[in-house]
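Chain residues, written in single-letter form:
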Amino acid sequence: MANDKVSIHGAWASRWVFILAATGSAVGLGNIWKFPYMTGMYGGGAFVAMYLLCIVLVGVPIMLAETLIGRRGRQSPVNAMKSLALEAGASRHWSLAALVGLVAALLILSFYSVVAGWSLDYIIGMGRGDFRGISAEGAGAAFGGLTSDPWRLTLWHSLFMLVTAIVIGKGVVAGLERSLRIMMPLLFVLLLVLLGYSLTTGHFMQGFDFLFHFDPSKVQDGILAAMGHAFFTLSVGVGSIMVYGSYMPKKASIGSTVIAVGLLDTLVALTAGLALFPIVFAAGLEPGGGPGLMFVTLPIAFGTIAFGQIVGLVFFVLVAIAAWSSSISMLEPAVAYFVERSGRSRALVTGMLALFCWVVGMGTVLSFNIGAEAKFFVFAEDGFHLYQWGAEGGRNFFDSIDYLTSRILLPLGGLAFALFAGWAMNREAVRDELAIKSPLLFNLLYWLVRVVAPVGVLIVFIAELSK
Ligand code: TRP
């Protein structure tokens, strides 16, 4: 059955714009901020190896599934899945996965906006020259000064959320293309500049080893973390890619496009890791230092190199833009859905949803300072507590939301999307949508979506539970 429908929310001009938008969504804080600090926390090479494996065997196939569901459905993820379920004679309850995904995306946006706010603060700090010749202690203190100040965090969080909402309110298709065409390549060039710097630290090989030395005894420690991050960094599991797929032109090939996005995303993450870790070791910092890793190490580099102030300034501007092109993709699935459902204006729906994310994000803001002792999911001697002030163990608000989304909701959402494309939709619909000429290649991709990706998710869950 030919499918010439167009989404009511707009359409990308070409396949190239889809690549740009999907890469804009995928490349963000996940690559530059989260990937290095997770790698540090989970011991290096084993985490990286698991992450790469999950990208190839689970993440990219699920991205393929999401894109094809979106493009065939031509509506918000929830309604796309409903109508495709109808077309295939399957249960409409499949769309529940997209509904959960839409909420997960909003939860991710809530903390993403706070961290993106840090990079806004660093733009100012760089511009003022705060980091000139800074020591490792000084950089740590500067970061601590930021996160311990709830007002400053709130200011930047609010500003970032506002900018995200403005673009989404106007419509993604209109706003995105122009800015990304220049910014994304520039971000990559600056990462290469940082990589050049890390080559001069004398600790490059130590950083390299840390990233790529595979220690099998550490695999189980971070296996779910690695898979969760593979979902996070590719933006899959919540419908972000699906909603972008629904704006994709019919003629574009999904398979090669998705592979290109996966490659670009991985390249950026590995470059960021290679640039960061030599600096970490040269400065005598702890690789397992947690979420502050990038914000403590990079100022040291920018404080030393020639023109560091201006390079650093531009760098944090680009990080903010990369974060922004990701954050809009978290809001879009929900906005598209509620516009379809309520018939209200895009601007109104966007405003309401952004407000929701802003409020939840305040929990993350406070978890770095006055609310640091508010702990959730506490397993204590006297049993399990959902919430306890000042408990040993447990997770603070930010960690809880991050854990709930990245490690539980994203993999489960992705699992549902893969099963839907692989088993609920009929094979001919998938074949028609993918339009791959070589039967061998089609069968390979179809098998990855139907079998490998779902089994991969289940294996990781089981391995985690038996830890
Ligand atoms: N992939 C983005 C990053 O690495 C974040 C992101 C955008 C995302 N959309 C998403 C994560 C949807 C999970 C789900 O920064």
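Caption draft 1: Structural detail: the overall build of the protein. From N to C terminus, the protein includes 18 helices and 2 strands. Relative to its length of 467 residues, the protein is compact, with a C-alpha radius of gyration of 21 Å against a globular reference of 23 Å. With respect to the three principal axes, the spread of C-alpha positions in the protein is 65 × 50 × 50 Å. Going through the 467 residues of the protein one by one, you find that 60% of them count as buried. Pairs at least 24 apart in sequence give 82% of the contacts found in the protein among residues at least 6 apart.

Caption draft 2: Representation of the packing of aromatic side chains within the structure. Tallying each qualifying case throughout the model produces 33 aromatic pairs. Taken together, a centroid distance of 5.9 Å and an interplanar angle of 15° make the contact between phenylalanine 143 and phenylalanine 295 stacked. Here phenylalanine 143, found in helix H6 (residues 136–147), pairs with phenylalanine 295, found in helix H13 (residues 293–304); they are 152 residues apart in sequence, far enough to count as distant. Ring centres of phenylalanine 376 and tyrosine 387 lie 5.2 Å apart, and the angle between their planes is 55°; this geometry places the pair in the tilted category. With phenylalanine 376 in strand E1 (residues 374–380) and tyrosine 387 in strand E2 (residues 383–389), the pair connects residues that are 11 residues apart, well separated along the chain. Using a relative accessible area of 22% as the deciding quantity, one classes phenylalanine 376 as partly exposed. Over the aromatic face of tryptophan 423 sits the side chain of arginine 450, whose NZ or CZ is 3.7 Å from the ring centroid.

Caption draft 3: Quick look at the pairing of E2. The pairing of E1 with E2 spans 6 bridges and is antiparallel. Paired with alanine 374 across the bridge in E2 is tryptophan 389. Hairpin connection of E1 to E2: 2 residues between the antiparallel strands.

Caption draft 4: Fine view of the packing of helix H15 (residues 346–367) against helix H16 (residues 397–424). The interhelical angle for the contact between H15 and H16, taken along N-to-C directions, is 130°, at an axis separation of 7 Å. In this view, H15 runs oblique relative to H16, as classed from their interaxial angle. Here Val360, Gly363, Thr364 and Ser367 of H15 lie close against H16, whose contacting residues are Phe397, Phe398 and Ile401. Counted by class, the contact of H15 with H16 contains 4 nonpolar, 3 polar and no charged residues.

Caption draft 5: Looking closely at a nonpolar patch on the surface. A contiguous nonpolar surface patch, about 740 Å² in accessible area, is contributed by Phe377, Phe379, Phe384, Leu386, Tyr387 and Trp389. Elements supplying a minimum of two residues to the nonpolar patch: E1 and E2. With 4 residues, E2 is the single largest residue contributor to the nonpolar patch. Tracing the sequence through the fold places tryptophan 389 in strand E2. A residue is classified by how much of its surface remains accessible, and tryptophan 389, at 54% relative accessible area, is exposed.

Caption draft 6: Representation of helix H2 (residues 29–41) in the model. Its maximal kink placed at phenylalanine 35, H2 deviates by approximately 35°, while the proline proline 36 follows within four residues. The element H2 is largely enclosed, with a buried count of 12 among its 13 residues. Residues of H2 that are buried: Leu29, Gly30, Asn31, Ile32, Trp33, Lys34, Phe35, Pro36, Tyr37, Met38, Thr39 and Gly40.

Caption draft 7: Inspection of unusual backbone geometry at higher detail. Of note in the backbone geometry, serine 235 takes a positive phi value of approximately 65° without being a glycine. Summarising the element assignment, serine 235 is placed in the loop between helix H10 (223–234) and helix H11 (240–245). The phi torsion at phenylalanine 377 lies on the positive side, around 50°, for a residue other than glycine. If you trace the backbone, phenylalanine 377 turns up in strand E1.

Caption draft 8: Summary view of the confidence of the model for the protein. Of the residues in the protein, 98% have a pLDDT of 70 or more, and the chain-wide mean is 93. Highest mean pLDDT in the protein belongs to helix H5 (residues 95–128) (98); lowest belongs to helix H8 (residues 172–199) (81).

Caption draft 9: Region of interest: the site of the ligand. Residues in contact with the ligand amount to 17 residues; listed here are only the nearest, Ala26, Gly30, Tyr112, Phe232 and Ser235. One nitrogen or oxygen atom from the side chain of asparagine 31 is found 3.4 Å from an oxygen atom belonging to the ligand. With respect to the ligand, the side chain of serine 329 contributes an N or O atom lying 3.1 Å from a nitrogen atom. Protein coverage of the free-state accessible area of the ligand, which is 360 Å², stands at 100%. For the ligand, the cavity whose grid points lie within 2 Å of the majority of its atoms is the largest cavity. Contributions of two or more residues to the shell around the ligand are made by helix H1 (15–26), H2, H5, H10 and helix H14 (308–342). Classifying every residue of the shell around the ligand gives 8 nonpolar, 9 polar and no charged.

Caption draft 10: Fine view of the side chain of threonine 201. Its place among the elements puts threonine 201 in the loop between H8 and helix H9 (204–212). Only 3.2 Å separates the side chain of threonine 201 from the backbone nitrogen of histidine 203, close enough to count as a polar contact. For threonine 201, the residues in contact, after removing those within four places along its chain, are Pro278 and Ala282.

Caption draft 11: Molecular detail of the pattern of salt bridges. Considering all chains together, one arrives at 12 salt bridges under this definition. Linking arginine 128 and aspartate 130 is a salt bridge whose minimum nitrogen-to-oxygen distance equals 2.8 Å. On the basis of relative accessible area, arginine 128 is assigned to the exposed category, the value being 56%. Look at the salt bridges and you will find they share partners, linking Arg71, Arg72, Glu87, Lys250, Asp432 and Glu433 into a network.

What counts and what doesn't
- Residues numbered from 1 in each chain as written.
- Predicted model: local features only at pLDDT ≥ 70, side-chain atom pairs only at ≥ 80, totals over all residues.
- Heavy atoms only, no water.
- Helix = DSSP H or I, 4+ residues; strand = E, 2+ residues; numbered from the N terminus.
- Rg over C-alpha atoms; globule rule 2.2 N^0.38 Å.
- Buried < 20%, exposed > 50% of the residue type's maximum accessible area, 1.4 Å probe, protein only.
- Contact = heavy atoms within 4.5 Å.
- Phe/Tyr/Trp six-rings, centres within 6.5 Å; stacked < 30°, edge-to-face > 60°.
- Lys NZ or Arg CZ within 6 Å of the ring centre and 35° of its normal.
- Pairing = 2+ DSSP bridges.
- Axes fitted to C-alpha atoms, helices over the stretch in contact; angles between N-to-C directions.
- Parallel < 35°, antiparallel > 145°, perpendicular 65-115°, else oblique.
- Nonpolar A, V, L, I, M, F, W, Y, C, P; charged D, E, K, R; others polar.
- Patch = residues over 30% accessible without salt bridge, like charges linked within 9 Å, V, L, I, M, F, W, Y side chains within 5 Å.
- Areas by Shrake-Rupley, 256 points an atom, 1.4 Å probe, with all protein chains shown as cover.
- Salt bridge = Lys/Arg side-chain N within 4 Å of Asp/Glu carboxyl O.
- Bend = angle between axes of the 7 residues up to and from the residue.
- pLDDT = per-residue confidence, 0-100.
- Near = heavy atom within 4 Å.
- Polar contact = N/O pair within 3.5 Å; in protein donor to acceptor, adjacent residues only side chain to side chain.
- 1 Å grid on protein atoms, 1.4 Å probe; cavity = no way out; pocket = protein on both sides within 12 Å on 5 of 7 lines; lining within 4 Å.
- Sits in = over half its atoms within 2 Å of the grid points.

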